[in-house]
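Chain by chain, the residues run as shown.
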Amino acid sequence: MVDGETKKTFPVKAWVDEKILAEGLKMKPELIGSIDNGTSSTRFLLFTPQGKIGASAQVEYTQYFPSGEDKSGWHEHDPVEIWESVVTCIQAVLKELEKAKIKDRPIAAIGITNQRETTIAWDADTGVPYYNAIVWDDLRTTGIADEIAQGNADRFRGKTGLPLASYFAGTKVKWLVDNVPQLRQDLRDREKSSSVRFGTVDSWLLYQLTGTKSRAQGAANFNGMFATDVSNASRWLFLDLKTVQWDQGLVDAICSPHKVPLSALPTIMPSSHHYGVCQSISEIQGVPLTAILGDQQAALFGQCAFDAGKAKCTYGTGLFLMKNTGTRQVASTHGMLTTVAYQIGQKGKVYYALEGSVSHSGSTIQWLRDKLNIIQSAPESESLAKGTQSNEGLYLVPAFAGLFAPHWRSDARACIVGMTASHHKGHICRAALEAACYQAREVFEAIVADSPFDLKSLSVDGGATENRLMMQFQSDMLDLTVIRPEVGETTALGAAFAAGLAVGVWKDLEELNKLRAIKEKFQPSMDARVREKNWQGWQKAVSRSLGWIDSDAVEDTTERAGSLAEMAPYVALTGLALGVGFLLGQRNK
Ligand SMILES: Nc1ncnc2c1ncn2[C@@H]1O[C@H](COP(=O)(O)OP(=O)(O)O)[C@@H](O)[C@H]1O
Ligand SMILES: O=P(O)(O)OC[C@H](O)CO
């Protein structure tokens, strides 16, 4: 589908826990499904009414990194492959149910949770995408964001809660219309324009799941529903956070000179809501789809952080620390995003959150595995790091796609600094794991500065929290207790919670709170002086990564960085990029 890249085939990992299923179904004969499309893989899980995982399937899909210097930092997914990965996982789980002799497929409802901001354009007449999905961390729209910013990246922050950055879906819409002739032509055609659809992955999957016709290739459906939820809608730069509706003025300002009608954007619904029923996969035909949540908001929900003051940090491909601010929108002056957390039902209030988004966390470990080949698997990063006493002065700043929050510096690039001849791959692994923890501390401090709270512990989740060395270091660097929940698949659990609420599997949030169980706690044990020394070292390392890309290579970056200077603690440091620059925007699995 893309120059120099071919579709890969990945094994499906599926399992069933017959004991958990039997126990769960004895108490209540209902299961709740969760479709979780992350950046690296897709999962389908079935939860029991006790909030435990009864069955699961997971499959990776191809990461496309188009080649060529002019495409540096591009990252795409094939929307049809994403859809196929969902079908594969659902069918694999249902086979597992059959093996466990569970009859009648007692699935009460299904929720969808997704990588946010990743943008797809498709033709509703055919169900066929105009172009590949542009992934959230793709850098191609940096110039577009800078141009719209006109030297003020916070131009739309008051209305949208977001800075102008390539990260958000709106800039990707503009790029698609600029660069895909058929899409541009269809938008201009009075009759045809009503068939153009822009959506994040949730909308694409909803459309596919509720579509009634199958195309010849068996992958694309059409006539499906076209909707999204409030949490995903808040990631476009098109949403007015107050009204929680699309704002044509914002769409026009970002897509100019093109005209993108609001009919090309999905209808915004509550997160927990009766969206429709599954049509296109025979095994789950008729099952209601009753939740959509962006994956980070789903993790917040799955951690039962329902109220103002509750927070969580998810360590997946990226890293996202989010604090629920209740029904109040808190404006950030420290590089955080103001975003919608969730809405339960039409009558439910809209909850907001402050979020610190970091582009590389688990993906740095993937890079060690796939590009440096110094580990065979992600867990090996822990055993190798354990072979070292400390980082011994070595730091890795994973600015592969610039630095997201709190810096928002597209001119930064990854570097390893402080190397001596005695360092070995164990130190590099340690530095990669520690980098996620330092970045979590950066965004934690920024959130506290925006919205002070007395947090005694931080709830964590995501694939990389399996790494105990990393979680201990996180606790040490934050000087806080770090808590891992019993159900590690917190994102999927959050979507299942929201779906189950809509069909009465669970009565209310209080009932969900009772299901929460803790697996492990990490207590801080680092000497305060060592903590401070590490922190100083990290800040120095970050200063080395800044300004690596020359201003003529990233349009207007200097101006934009200047306007963001107050928000970022390190921007005052000079951009003496003395470190080793890794111009690697890539991160194959
Ligand atoms: N033991 C581990 N140590 C460090 N990183 C890990 C470990 N296990 C998984 N990871 C990382 O976690 C990420 C996968 O987490 P996941 O929550 O599934 O991500 P996503 O939802 O973004 O697809 C991968 O980037 C992987 O490198
Ligand atoms: O795939 P994840 O879990 O790293 O999440 C991606 C985020 O939703 C991007 O905003």
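It should be noted that the structure appears before, not after, this text.
Residues numbered from 1 in each chain as written. Chains lettered and ligands numbered in written order. Predicted model: local features only at pLDDT ≥ 70, side-chain atom pairs only at ≥ 80, totals over all residues. Heavy atoms only, no water.

**Quick notes on the overall build of the protein chain**
The helix and strand tally for the protein chain stands at 18 helices and 28 strands. If one aligns the C-alpha atoms of the protein chain with their principal axes, the spans along those axes are about 60 × 55 × 45 Å. Going through the 589 residues of the protein chain one by one, you find that 64% of them count as buried. Expressed as a percentage of contacts within the protein chain between residues at least 6 apart in sequence, the contacts between residues at least 24 apart total 74%. Charged side chains of the protein chain number 61 positive and 66 negative; the gap between the two group centres comes to 4 Å. (Helix = DSSP H or I, 4+ residues; strand = E, 2+ residues; numbered from the N terminus. Buried < 20%, exposed > 50% of the residue type's maximum accessible area, 1.4 Å probe, protein only. Contact = heavy atoms within 4.5 Å. Lys, Arg positive; Asp, Glu negative; His and termini not counted. Charge placed at Lys NZ, Arg CZ, Asp CG, Glu CD.)

**Things to note about the sheet that holds strand β22 (residues 350–358)**
Backbone-to-backbone hydrogen bonds pair the strands of a sheet. The strands run either parallel or antiparallel. The seven strands are arranged β21-β22-β20-β19-β25-β26-β27 in an open sheet whose pairing can be described as mixed. In this open sheet, the two strands that pair with only one neighbour each are β21 (337–343) and β27 (518–522). Each adjacent strand pair in this sheet contributes to an overall mean axis angle of 30°, direction not counted. Pairing of strand β19 (residues 311–315) with strand β20 (residues 319–326), which is carried by five bridges, proceeds in the antiparallel orientation. When the bridges of β20 are listed, K312 appears paired with M322. (Pairing = 2+ DSSP bridges. Axes fitted to C-alpha atoms, helices over the stretch in contact; angles between N-to-C directions.)

**Comments concerning the sheet that holds strand β6 (residues 107–114)**
An order of β1-β4-β3-β2-β6-β18-β17 is seen for the seven strands of this open sheet, with the pairing classed as mixed. Since the sheet does not close on itself, it has two edges, and those belong to β1 (13–16) and β17 (272–277), each with one partner. Direction aside, the axes of adjacent strands within the sheet are offset by 20° on average. Of the strand pairs in this sheet, β1 and strand β4 (residues 53–60) are connected by four bridges, and their pairing is antiparallel. Looking at the pairing, K13 lines up with Q58 of β4. On top of the sheet, helix α2 (residues 79–99) reaches β1, β2 (31–37), β3 (41–47), β4 and β6; it is set at about 35° to β3, its chief contact.

**Digging into unusual backbone geometry**
In this structure, the amide linkage connecting S256 to the following residue, P257, adopts the cis form with an omega of 10°. The topology assignment puts P257 in the loop between α9 (248–255) and β16 (267–269). The omega torsion across A405 and P406 is -5°, close enough to zero to call that bond cis. Take P406: it is sitting in the loop between β23 (395–397) and β24 (414–417). Within the chain, E117 stands out as a residue other than glycine whose phi angle is a positive 70°. Inspection of the secondary structure assignment puts E117 in the loop between β6 and β7 (119–123).

**Thoughts on the pattern of salt bridges**
Scanning all chains against the criterion turns up 26 salt bridges. The shortest N-O distance in the salt bridge between R43 and E489 comes to 3.1 Å. Taken together, the residues R43 in strand β3 and E489 in the loop between β26 (481–485) and α15 (490–502) connect sequence positions 446 residues apart. Take R43: its relative accessible area is 17%, and that puts it in the buried class. A salt bridge links R116 to E117; the shortest N-O distance between them is 3.9 Å. Each of the two residues, R116 as well as E117, counts as buried. Salt bridges here are not isolated pairs; linked through shared partners, they connect R116, E117, R235, D295 and E355. (Salt bridge = Lys/Arg side-chain N within 4 Å of Asp/Glu carboxyl O.)

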